[in-house]
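# Report on the structure
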Amino acid sequence: QVQLVESGGGLVQPGGSLRLSCAASGFTFNWYAMKWYRQAPGNERELVAGITIPGGTTNYADSVKGRFTISRDSGKNTVYLQMNSLKPEDTAVYYCTAQTPSRVYWGQGTQVTVSS
């Protein structure tokens, strides 16, 4: 059974940091590109960051470049999103995905709220 379980969300003040984790199971982790999306109320879901199979490349939305870092640990089948210098506009539900050209798996999401 495929599972993507996100954790690490919560309430943080502007300028603060959070690290999201996504633990994967039920599929061959190293075969899949891993991505983080987010969706704020009233907005479309947007791609935040992605990382290809181990040894590959990373990409980021312009709005998070220089503040967020995506990484993956093949030994733990986990992908991370380190979020620094958080802004109120980063408030959203963050989703982890595992993707190949023919298949996409989604996690259940974790809420991130940036507010004073």
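Refer to the structure presented above.
Okay, so let's go over this structure. Note that the structure is a prediction, hence the values are computed from the model and not measured.

### Notes on the side chain of Thr97
Positionally, Thr97 belongs in strand β9 (residues 92-100). Under the relative-accessibility criterion, Thr97 is labelled buried at 0%. At 3.1 Å, the side chain of Thr97 and the side chain of Gln99 are in polar contact. Filtering out sequence-adjacent residues up to four positions away, Thr97 remains in contact with Leu4, Ala33, Met34, Lys35, Tyr37, Val104, Tyr105 and Trp106.

### Structural notes on the side chain of Arg38
Tracing the backbone shows Arg38 in strand β4 (residues 33-39). Here the side chain of Arg38 touches Ser63 through a polar contact of 3.4 Å, side chain to side chain. Side-chain polar atoms of Arg38 contact the side chain of Tyr94, separated by 2.9 Å. Filtering out sequence-adjacent residues up to four positions away, Arg38 remains in contact with Glu44, Arg45, Glu46, Val48, Ser63, Val64, Phe68, Glu89, Asp90, Ala92, Val93 and Tyr94.

### A short note on the packing of aromatic side chains
One pass over the structure, following the stated rule, counts five aromatic pairs. Here the aromatic rings of Tyr95 and Trp106 are separated by 6.1 Å at their centres, their planes lie at 75 degrees, and the arrangement is edge-to-face. Taken together, the residues Tyr95 in strand β9 and Trp106 in strand β10 (residues 103-106) connect sequence positions 11 residues apart. By the ring-pair criterion, three or more aromatic residues cluster together here, those being Phe27, Tyr32 and Tyr105.

### Section: the nonpolar core
Note that soluble globular proteins tend to have their nonpolar side chains buried in a common cluster. Leu4, Met34, Trp36, Leu81, Met83 and Tyr94 are the most contacted members of the largest nonpolar core, which has 30 residues in total. Among the secondary structure elements, those contributing two or more residues to this core are β3 (18-25), β4, β5 (46-51), β7 (68-73), β8 (78-83), β9 and β11 (110-114). Those residues in contact with Leu4 that sit more than four places away from it in its chain are Cys22, Ala23, Ala24, Phe27, Met34, Cys96, Thr97, Ala98, Tyr105, Trp106, Gly107 and Gln108.

### Observations concerning the pairing of β7
Only one face of β7 is buried: it carries Phe68, Ile70 and Arg72, and the other face, with Thr69, Ser71 and Asp73, is open. Where β7 meets β8, six bridges bridge the pair, whose relative direction is antiparallel. Bridging across to β8, Phe68 finds its partner in Met83. Between β7 and β8, which follow one another and run antiparallel, lie four residues, and Asn77 among them has a positive phi close to 50 degrees.

The rules behind the values
- Residues numbered from 1 in each chain as written.
- Predicted model: local features only at pLDDT ≥ 70, side-chain atom pairs only at ≥ 80, totals over all residues.
- Heavy atoms only, no water.
- Helix = DSSP H or I, 4+ residues; strand = E, 2+ residues; numbered from the N terminus.
- Buried < 20%, exposed > 50% of the residue type's maximum accessible area, 1.4 Å probe, protein only.
- Polar contact = N/O pair within 3.5 Å; in protein donor to acceptor, adjacent residues only side chain to side chain.
- Contact = heavy atoms within 4.5 Å.
- Phe/Tyr/Trp six-rings, centres within 6.5 Å; stacked < 30°, edge-to-face > 60°.
- Core = buried A, V, L, I, M, F, W, Y, C linked by side-chain atoms within 4.5 Å.
- Pairing = 2+ DSSP bridges.

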